[in-house]
Amino acid sequence: MPRSSMVDLKSSHRPIISYRPLRPADLDVLEQIHGDVFPIRYESEFFQNVVNGRDIVSWGAVDRNRPNGQNDEIIGFVTARLVLASESEIGDILQCDSSRSGQTLVYILTLGVVETYRNLGIASTLIREVLKYASSIPTCRAVYLHVISYNNPAIHFYKKMLFNCVRRLHDFYFINGQHYDSYLFVYYVNGGRSPCSPLELAAVVVTCMRNGFKAMAARLWKHDDKSPKWSKCKESWGLIRTTQTKRVLTPEDSGCECV
């Protein structure tokens, strides 16, 4: 069998791409493409789990217009796993209670497309399948993955797909005796979101301060109505005094919380 990555798409060839779950018959080609695409070597158990759907969900792309009986041979794939948020490495960067029972995330394990089939939108469609799957799970809050730091095309791709690069992990990969950093990308679904940015936090503080001042002013006006004997000068002094001794409200003071 010729190596899938060496497929020669002639200019006259019109691919007809369709998508389906991976299955046991895809095992050899799946291992082959992984070996061509990734610098990391995966154990045979991983591939067995993928094609048999053991705790792993997957989608494959095939070219229905491919000749020589290869019209059902995969030319692209994505694999993913559902994990508990409380057991994940991104629970601390989700604005939800990751310790709550049942909160889940989808972790993308691998994504690859045969070289001659790239730039046809296959990878984008595969990722959209994962996002659709994650969104269909009410308890799921995000889809996340790692990208090795030197893989600029992948970094650009995930940014284009609106994933957020939230963290750089030093020495995450160890390949051929050398350490490499990793970028952590996240796509939020079903109301999941990142913690407050400094700008959002500042907005929360300002809002809380404004609400506090409004409540304080209302109490002062109410008190003024009950104390008609105060002179205007004393009233003004009271208002100025209150302003000078005000305490800057923090989210903890006001009950607002940003996780």
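Relevant structure appears above.
Residues numbered from 1 in each chain as written. Predicted model: local features only at pLDDT ≥ 70, side-chain atom pairs only at ≥ 80, totals over all residues. Heavy atoms only, no water.

## Focus on the environment of D36
Item 1. The topology assignment puts D36 in helix α1 (residues 27-37).
Item 2. Distance from D36 to G112, taken between C-alpha atoms, is 9.4 Å for residues 76 residues apart in sequence. (Helix = DSSP H or I, 4+ residues; strand = E, 2+ residues; numbered from the N terminus.)

## A short note on helix α2 (residues 44-51)
Item 1. Of the residues making up α2, those classed as buried are F46, F47, N49, V50 and V51.
Item 2. Tucked inside the fold, the buried residues of α2 contact α1, β2 (57-63), β3 (74-84) and β4 (104-113). (Buried < 20%, exposed > 50% of the residue type's maximum accessible area, 1.4 Å probe, protein only. Contact = heavy atoms within 4.5 Å.)

## What about the packing of aromatic side chains?
Item 1. Evaluation of the coordinates by the stated rule reveals 13 aromatic pairs.
Item 2. Both rings, one in F157 and one in Y158, keep their centres 5.0 Å apart while their planes meet at 70°; by these two values the pair is edge-to-face. The same class applies to F157 and to Y158, which are both buried.
Item 3. Geometrically, the ring pair formed by Y158 and F163 is edge-to-face, given 5.4 Å between the ring centres and 75° between the ring planes. (Phe/Tyr/Trp six-rings, centres within 6.5 Å; stacked < 30°, edge-to-face > 60°.)

## Section: the pattern of salt bridges
Item 1. Enumeration according to the criterion identifies 7 salt bridges in this entry.
Item 2. Linking E73 and R66 is a salt bridge whose minimum nitrogen-to-oxygen distance equals 3.6 Å. The two residues E73 and R66 agree in class, both being buried.
Item 3. Across the salt bridge formed by R168 and D181, the nearest N and O atoms sit 2.9 Å from each other. Highlighted residues: R168 in strand β6 (residues 164-175) and D181 in strand β7 (residues 178-188), separated in sequence by 13 residues. (Salt bridge = Lys/Arg side-chain N within 4 Å of Asp/Glu carboxyl O.)

## A short note on the environment of L131
Item 1. Counting through the fold element by element, L131 comes out in helix α3 (residues 122-135).
Item 2. Judged by its relative accessible area of 10%, L131 falls in the buried class.
Item 3. Counting along the chain gives 11 residues from L131 to A142, while the straight-line C-alpha distance between them is 8.7 Å.
Item 4. Beyond its immediate chain neighbours, meaning those up to four positions away, L131 contacts V143, F163 and Y187.

## A few points about the side chain of D26
Item 1. Relative to the helices and strands, D26 is located in the loop between β1 (17-20) and α1.
Item 2. Setting aside chain neighbours within four positions, we find D26 in contact with R20, P21, V51, D72 and I74.

## Quick notes on α1
Item 1. Within the span of α1, buried status applies to L27, V29, L30, Q32, I33 and H34.
Item 2. Of the surrounding secondary structure, the elements contacted by the buried residues of α1 are α2, β3 and β4.

## Quick notes on the sheet that holds strand β5 (residues 140-148)
Item 1. Sheet architecture is open: 7 strands sit in the order β1-β2-β3-β4-β5-β7-β6, paired in mixed fashion. In this open sheet, the two edge strands, each paired with only one partner strand, are β1 and β6. Within this sheet the neighbouring strands show an average axis-to-axis angle of 25°, counted without direction.
Item 2. Note: β1 against β2, 4 bridges, orientation antiparallel. Pairing of Y19 across the sheet is with A61, part of β2.
Item 3. Against the sheet, α1 touches β3 and β4, its axis set at about 90° to β3. (Pairing = 2+ DSSP bridges. Axes fitted to C-alpha atoms, helices over the stretch in contact; angles between N-to-C directions.)

## As for unusual backbone geometry
Item 1. For N68, which is not a glycine, the phi torsion comes out positive at approximately 60°.
Item 2. Along the chain, N68 falls in the loop between β2 and β3.

## Observations regarding the packing of α1 against α2
Item 1. Two elements in contact, α1 and α2, have axes separated by 10 Å at closest approach and are oriented at 130°. Comparing the axis directions of α1 and α2 gives the class oblique. Crossing of α1 over α2 shows right-handed handedness. Contact residues: L27, L30, E31 and H34 in α1; F46, F47, Q48, V50 and V51 in α2.
Item 2. Taken together, the residues that form the contact of α1 with α2 break down as 6 nonpolar, 2 polar and 1 charged. (Parallel < 35°, antiparallel > 145°, perpendicular 65-115°, else oblique. Left-handed = near helix turned anticlockwise from the far one by under 90°. Nonpolar A, V, L, I, M, F, W, Y, C, P; charged D, E, K, R; others polar.)

## Let's talk about the pairing of β3
Item 1. For β3, the buried fraction is high: 8 of the 11 residues fall into the buried class.
Item 2. Inspection of the sheet shows β2 paired to β3 by 6 bridges, in the antiparallel sense. The residue bridging S58 from the neighbouring strand is T79, located in β3.
Item 3. Two elements, β3 and β4, share 9 bridges in a ladder whose sense is antiparallel. Residue G76 lies in a different strand from β4, and its bridge partner there is V113.

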